[in-house]
Amino acid sequence: MTKYLLKRAGQALLVLWAAFTAAYILLQALPGDSILIKFQNPELGLSPEQIAEIREYYDAGGYLHTVLGFLHGDFGYSVDTGTPVVERLAEGLPETAKLATCAFVLAVLLAVLIAFGSAYSGRLRGLLLAVPALFISVPAFWLGILLIQIFSFRLRLVPVIGGTELQQLVLPVLTLAVPISAPIAQVLARSIDQVLTQPFVPVVAAKGASRSWILWRHVARNALPPTLTVAGLVFGELIAGSVVTETVFGRGGIGRLTEQAVNAQDTPVLLAVVVLAATVFVVVNLLVDVLFPVLDPRLAT
């Protein structure tokens, strides 16, 4: 087990380093000049020499200096606002974490309802199995706008501006949860079908167990490992998905921060966001890998 954990941890660190390096190289190669975008405004009254000093300050150190800074929790300063990047991340992270967590929980509930509903009901099976394909084909921005039109403007159930914290979360959570529930539901339904073909299922049924008992006590545990893998991948992508959702609903968070950083070509913020997203992705998938041996000790090799 220890060898398995060390191997997975080493792979996670390698992925983080690769994500950081790739993001650093690509951001440095971007066309345009974020320093000129921010500081060449005549109203600021800065001379070319002063602008050159500012550029030298932000470009100082290079790759190794940036790596060491990240290892010590120093992400540098935002070109757009001049504030430490870590402060900007700290402002947006709680809102994004709240949105992502609620959306993930709802997505899992939807996936479980679809997958187990299709296993229970023969008549509705075809319809339920078609739902994930519909969910995953709907663009998040279009779904968000549609939900606003229906629930805010037509039915007036959820206010667009103002309202309680729960009301402000309802539509963004739905917008983010519906597309990500699709792959989880597809893999879970397929895993359930595969487990139901195993020889132990007729044996348990012959002993008098009901279909619900078989599904929840025997099939669910065996169908869980592939679903956990997909769920980990989906959860790791939620920060990227929050960019569109937070932009559509005007919410402050990492997604909105990313949009602002892209518009201003604020490379220190963009690099920090990429590393943050990669870290969440790697940590969640590392936890999933750790859970596998608990579900099936044969995997701890």
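Worth saying up front: this structure is predicted, and the values here are computed from it rather than measured.

Asker: I'd like a rundown of the overall build of the protein, residues and numbers included.
Answerer: Along its length, the protein carries 13 helices and zero strands. When the helices and strands of the protein are listed from N to C terminus, the series reads α-α-α-α-α-α-α-α-α-α-α-α-α. Across the 301 residues of the protein, 37% fall into the buried class. Relative to all contacts within the protein whose residues are 6 or more apart in sequence, the contacts with residues 24 or more apart total 73%. Working note: accessible area of the protein is about 16900 Å², and carbon and sulfur atoms make up 67% of it.

Asker: Quick one: what's the story with the nonpolar core, residue by residue and with numbers?
Answerer: If you look at the biggest cluster of nonpolar residues, it comprises 30 residues, and the most contacted ones within it are F135, L171, I184 and L238. Elements represented by at least two residues in this core include exactly α5 (85-120), α6 (125-137), α7 (140-154), α8 (165-196), α10 (211-236) and α11 (238-249). The leading source of residues in this core is α8, at 11 residues. Discounting residues that sit within four places of it in the chain, F135 has contacts with I114, V178, P179, S181 and A182. Within the second largest apolar cluster, 19 residues are counted, among which are F20, L27, A261 and V275.

Asker: So what's going on with the pattern of salt bridges? Which residues, and what values?
Answerer: Where charged atoms of side chains with opposite charge meet at close range, the side chains can pair. Enumeration over the complete set of coordinates arrives at five salt bridges. In this structure, E165 and K98 form a salt bridge, with 2.2 Å as the shortest nitrogen-oxygen distance. One end of the pair, E165, is in helix α8; the other, K98, is in helix α5, with 67 residues separating them in the sequence. The network of salt bridges with shared partners includes E95, K98, E165 and R251.

Asker: For the UniProt feature "transmembrane region" (unreviewed entry) in the protein, give the residues involved together with the corresponding values.
Answerer: Mapped onto the present numbering, the UniProt feature "transmembrane region" (unreviewed entry) falls at residues 12-30, 97-120, 127-149, 169-189 and 269-295. A helix fraction of 100% and a strand fraction of 0% characterise residues 97-120, whose end C-alpha atoms lie 34 Å from each other.

Asker: I'd like a rundown of the packing of α5 against α6, residues and numbers included.
Answerer: Closest axis-to-axis distance for the α5/α6 pair is 8 Å, and the angle between their directions is 160 degrees. Taken together, α5 and α6 sit at an angle that is classed as roughly antiparallel. The chirality of how α5 crosses α6 is left-handed. Within the contact between the two elements, α5 uses I114, G117, S118 and A119 and α6 uses R125, L128, L129, V131, P132 and F135. Taken together, the residues of the contact of α5 with α6 sort by class into seven nonpolar, two polar and one charged.

Asker: Can you explain helix α12 (residues 254-264)? Please cite residues and give values.
Answerer: Each α-helix winds once per 3.6 residues, and so residues spaced three or four apart point in a common direction. Among the residues making up α12, those that are buried are I254, G255, L257, T258, A261 and A264. Remark: Q265 follows α12 within two positions and exhibits a positive phi of approximately 50 degrees.

Asker: Lay out the side chain of R251 in plain terms, naming residues and giving numbers.
Answerer: You can see R251 is positioned in the loop between α11 and α12. For R251, the contacting residues outside a window of four places in its chain are E95, L99, Q168, L169, P172, E246 and R256.

Asker: I'd like to hear about the packing of aromatic side chains, residue by residue, with values.
Answerer: Summed over all chains, the structure comprises seven aromatic pairs. Ring centres of F104 and F235 lie 4.9 Å apart, and the angle between their planes is 80 degrees; on these two criteria the pair is classed as edge-to-face. Of this pair, F104 sits in helix α5 while F235 sits in helix α10, placing them 131 residues apart in sequence. Summarising the aromatic geometry, the rings of F116 and W216 are spaced 4.3 Å apart at their centres and angled 10 degrees between planes, so their arrangement reads as stacked. Highlighted residues: F116 in helix α5 and W216 in helix α10, separated in sequence by 100 residues. When its relative accessible area of 46% is taken as the criterion, W216 is described as partly exposed. Through a chain of ring-to-ring contacts, the aromatic side chains of F20, Y24, Y63, F70 and F75 assemble into a single cluster.

Asker: Let's hear about the environment of P183: which residues, and what values?
Answerer: If you trace the backbone, P183 turns up in helix α8. For the pair P183 and A107, spaced 76 residues apart in the sequence, the C-alpha separation amounts to 9.8 Å. Setting aside anything within four residues of it in sequence, one finds P183 in contact with I136, V230 and V234.

Asker: Help me get a handle on the environment of F249, residues and values and all.
Answerer: As for its placement among the helices and strands, F249 is situated in helix α11. Distance from F249 to T175, taken between C-alpha atoms, is 9.9 Å for residues 74 residues apart in sequence. When neighbours within four sequence positions are excluded, F249 is seen to be in contact with G144, I148, L171, P172 and T175.

Asker: Any details on unusual backbone geometry? Residues and values, ideally.
Answerer: The bulk of non-glycine residues show a negative phi, and the bulk of peptide bonds are trans. The backbone of R156 shows a phi angle near 55 degrees, a positive value even though the residue is not glycine. Inspection of the secondary structure assignment puts R156 in the loop between α7 and α8. Located in the positive-phi region is Q265, a residue other than glycine, with phi close to 50 degrees. Assignment of secondary structure puts Q265 in the loop between α12 and α13 (267-295).

Asker: With reference to specific residues and values, describe a nonpolar patch on the surface.
Answerer: Where nonpolar side chains cluster on the molecular surface, the patch consists of F141, W142, I145, L146, I150, L155, L157 and V244 and spans about 720 Å² of accessible area. Sorting elements by how many residues they give to the nonpolar patch places α7 first, with five residues. Residue classification places V244 among the partly exposed residues on the basis of a relative accessible area of 34%.

Rules used throughout
- Residues numbered from 1 in each chain as written.
- Predicted model: local features only at pLDDT ≥ 70, side-chain atom pairs only at ≥ 80, totals over all residues.
- Heavy atoms only, no water.
- Helix = DSSP H or I, 4+ residues; strand = E, 2+ residues; numbered from the N terminus.
- Buried < 20%, exposed > 50% of the residue type's maximum accessible area, 1.4 Å probe, protein only.
- Contact = heavy atoms within 4.5 Å.
- Areas by Shrake-Rupley, 256 points an atom, 1.4 Å probe, with all protein chains shown as cover.
- Core = buried A, V, L, I, M, F, W, Y, C linked by side-chain atoms within 4.5 Å.
- Salt bridge = Lys/Arg side-chain N within 4 Å of Asp/Glu carboxyl O.
- UniProt positions renumbered as here; feature names shortened; annotations may be inferred.
- Axes fitted to C-alpha atoms, helices over the stretch in contact; angles between N-to-C directions.
- Parallel < 35°, antiparallel > 145°, perpendicular 65-115°, else oblique.
- Left-handed = near helix turned anticlockwise from the far one by under 90°.
- Nonpolar A, V, L, I, M, F, W, Y, C, P; charged D, E, K, R; others polar.
- Phe/Tyr/Trp six-rings, centres within 6.5 Å; stacked < 30°, edge-to-face > 60°.
- Patch = residues over 30% accessible without salt bridge, like charges linked within 9 Å, V, L, I, M, F, W, Y side chains within 5 Å.

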